[in-house]
Amino acid sequence: MSPMPGGGRSAAAVDALPDGLVFVDGNGTVVGANARALALFEAGGDTGIVGRGLLDLLPDFDWRDVPGPVGRMRGRRTDGGVFAADVVAVRLEDGGEHGLMLVVRDLTGVLDAETALADARRQTEAVLRAVGEGVVGTDAEGRIVLVNPAAAQLMGYRASALGGRELHALVLHTGGDGEPVPFEESPLADTLRTGRRHRVQGQVLWARDGDRLVVDVTIAPVCAGERVVGAVVTFVDRGPDRRLAHRHAAEVAAQARTPWGRTAPPGAAVRGVGRAAPAAGGGRGRCPAWTSGGVAYGAGGGGGR
């Protein structure tokens with residue numbers, strides 16, 4: 001076999017290819033290579049690769065994988081340095097002689113990018129797992145592509161069962177009055193259509209078991225340039241806050257009465273109940289906060305948060 005197929009223009013075209021081409025005879029000896037392959041395997045000042053055994057350059061190569069994509073493996077330079085390579089093997093016949101042409105692509109930059117992407121994905125997943133709010137990512141059609149454990153728990157599904165489902169049809173299909181809400185009229189559809197952000201307080205979310213949850217929803221677009229390619233939807237369950245506020249209101253009402261059921265006079269101290277204290281700042285129109293056990297309860301204070 002000739003070191004390079006053809007000559008003149010053909011050789012120049014082969015040398016211009018972005019991938020390395022290595023030509024090997026039937027004995028497994030390298031008999032030719034294009035310019036890119038020489039740059040990949042030959043270290044400055046060392047002897048060339050022509051005349052070397054194929055396994056010197058690709059120690060993981062397996063002849064049983066020929067022909068076809070051989071896959072990722074180590075490429076070894078003449079100075080012993082190693083790089084990641086993707087290899088495809090093609091059988092050649094030339095005047096009764098058999099050999100191989102190997103297409104070798106350097107994956108160093110690709111693997112670096114894949115590693116960085118995998119690291120970023122792991123960091124994102126760790127953050128989403130730690131966030132208390134429900135977070136759902138959708139594609140441009142409103143289908144779920146990402147969901148954190150808090151969102152899956154709110155909706156009553158396993159996170160693994162939500163991929164590809166339509167978020168609106170799944171949990172936002174009906175309003176608090178029981179009337180259906182068409183997707184086209186929903187805030188999510190508007191965000192996906194226009195790129196506008198939405199914040200909805202008191203949104204009804206219908207869980208899998210039929211429970212009606214009241215949540216605050218924030219919808220933000222995900223853009224690629226000027227194009228909206230998806231949305232991030234955040235759910236905050238306000239049920240626990242409302243229940244806590246109701247319980248505190250009941251406690252305040254109970255503390256404002258004497259053990260005989262009569263309302264205590266303003267400023268009077270009742271056994272086990274703190275004295276009325278002015279709200280911080282003392283602004284006009286603000287209700288005093290009842291203090292008990294070091295925790296302040298003000299009208300609408302939401303449990304001292």
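Everything quoted here is computed from the prediction, not taken from an experiment. (Residues numbered from 1 in each chain as written. Predicted model: local features only at pLDDT ≥ 70, side-chain atom pairs only at ≥ 80, totals over all residues. Heavy atoms only, no water.)

### Topic: the overall build of the protein
Link 1 in the chain: Broken down by element type, the protein carries eight helices and 13 strands.
Link 2 in the chain: Out of the 305 residues belonging to the protein, those deemed buried represent 32%.
Link 3 in the chain: Summing over all exposed atoms, the protein offers an accessible surface of approximately 17800 Å²; the carbon and sulfur share of this is 52%. (Helix = DSSP H or I, 4+ residues; strand = E, 2+ residues; numbered from the N terminus. Buried < 20%, exposed > 50% of the residue type's maximum accessible area, 1.4 Å probe, protein only. Areas by Shrake-Rupley, 256 points an atom, 1.4 Å probe, with all protein chains shown as cover.)

### Topic: the pairing of strand β1 (residues 20-25)
Link 1 in the chain: In terms of burial, β1 is a largely internal element, six of the six residues being buried.
Link 2 in the chain: On β1, burial covers both faces: Gly20, Val22 and Val24 on one face and Leu21, Phe23 and Asp25 on the other are all buried.
Link 3 in the chain: Taken together, the six bridges between β1 and strand β5 (residues 97-106) define a ladder with antiparallel strand orientation. What sits directly across from Val24, in β5, is Leu100. (Pairing = 2+ DSSP bridges.)

### Focus: the sheet that holds strand β7 (residues 144-147)
Link 1 in the chain: Pairing within the open sheet is antiparallel, and its five strands lie in the order β7-β6-β10-β9-β8. Two strands bound the open sheet, and with one partner strand each, they are β7 and β8 (198-206). Within the sheet, the average angular offset between the axes of one strand and its neighbour, ignoring direction, is 30°.
Link 2 in the chain: Of the pairings in the sheet, the one linking β8 to strand β9 (residues 212-224) comprises seven bridges and is antiparallel in character. Note that in β9 the partner of Val204 across the bridge is Val214.
Link 3 in the chain: Lying on the sheet, helix α7 (residues 187-194) is in contact with β6 (134-139), β8, β9 and β10 (227-237); it crosses β10 at an angle near 150°. (Axes fitted to C-alpha atoms, helices over the stretch in contact; angles between N-to-C directions. Contact = heavy atoms within 4.5 Å.)

### Description of the packing of aromatic side chains
Link 1 in the chain: This structure, assessed with the given rule, holds two aromatic pairs.
Link 2 in the chain: With 5.6 Å between their ring centres and 90° between their planes, Phe61 and Trp63 make a pair best called edge-to-face.
Link 3 in the chain: Judged by its relative accessible area of 7%, Phe61 falls in the buried class.
Link 4 in the chain: Given a relative accessible area of 36%, Trp63 falls into the partly exposed group. (Phe/Tyr/Trp six-rings, centres within 6.5 Å; stacked < 30°, edge-to-face > 60°.)

### What about the pattern of salt bridges?
Link 1 in the chain: Using the criterion set out here, one finds eight salt bridges in the structure.
Link 2 in the chain: Here Arg143 ties to Asp139 by a salt bridge, and the two come within 3.1 Å at their closest N and O atoms.
Link 3 in the chain: By relative accessible area, which is 33% here, Arg143 ends up partly exposed.
Link 4 in the chain: Look at Asp139 and you get buried, because its relative accessible area is 18%.
Link 5 in the chain: The salt bridge involving Arg199 is made with Asp216; its shortest N-O contact spans 4.0 Å. With Arg199 in strand β8 and Asp216 in strand β9, the pair connects residues that are 17 residues apart, well separated along the chain.
Link 6 in the chain: Shared partners join several salt bridges into a network, and the residues in it are Asp190, Arg193 and Arg196. (Salt bridge = Lys/Arg side-chain N within 4 Å of Asp/Glu carboxyl O.)

### Observations concerning the environment of Val87
Link 1 in the chain: The topology assignment puts Val87 in strand β4 (residues 82-94).
Link 2 in the chain: Given a relative accessible area of 0%, Val87 falls into the buried group.
Link 3 in the chain: For the pair Val87 and Val70, spaced 17 residues apart in the sequence, the C-alpha separation amounts to 5.4 Å.
Link 4 in the chain: Contacts of Val87, omitting those with residues within four sequence positions, involve Leu58, Pro69, Val70, Gly71, Met73, Leu102, Val103 and Val104.

### Quick look at the side chain of Asp216
Link 1 in the chain: A relative accessible area of 6% places Asp216 in the buried class.
Link 2 in the chain: Engagement of the side chain of Asp216 in a polar contact is seen with the backbone nitrogen of Gly202, the distance being 3.1 Å.
Link 3 in the chain: Not counting residues up to four positions away in its chain, the partners in contact with Asp216 are Arg199, Val200, Gln201, Gly202, Thr234, Phe235, Val236 and Arg238. (Polar contact = N/O pair within 3.5 Å; in protein donor to acceptor, adjacent residues only side chain to side chain.)

### Some remarks on the nonpolar core
Link 1 in the chain: Formed by 24 residues in total, the largest nonpolar core has its most connected members in Val136, Val147, Met155, Leu162, Leu167 and Phe235.
Link 2 in the chain: In this view, Leu167 contacts Val136, Thr138, Gly142, Ile144, Met155, Leu172, Leu188, Val233 and Phe235; residues no more than four positions away in its chain are not counted.
Link 3 in the chain: With 22 residues, the next largest nonpolar core counts Ala33, Ala37, Phe41 and Leu57 among its residues. (Core = buried A, V, L, I, M, F, W, Y, C linked by side-chain atoms within 4.5 Å.)

### Quick look at α7
Link 1 in the chain: Regarding α7, the residues found buried are Leu188, Ala189, Asp190, Thr191 and Leu192.
Link 2 in the chain: Buried positions along α7 lie against β6, α6 (167-171), β8, β9 and β10.
Link 3 in the chain: Immediately downstream of α7, the backbone of Gly195 shows phi near 85°, a positive value.

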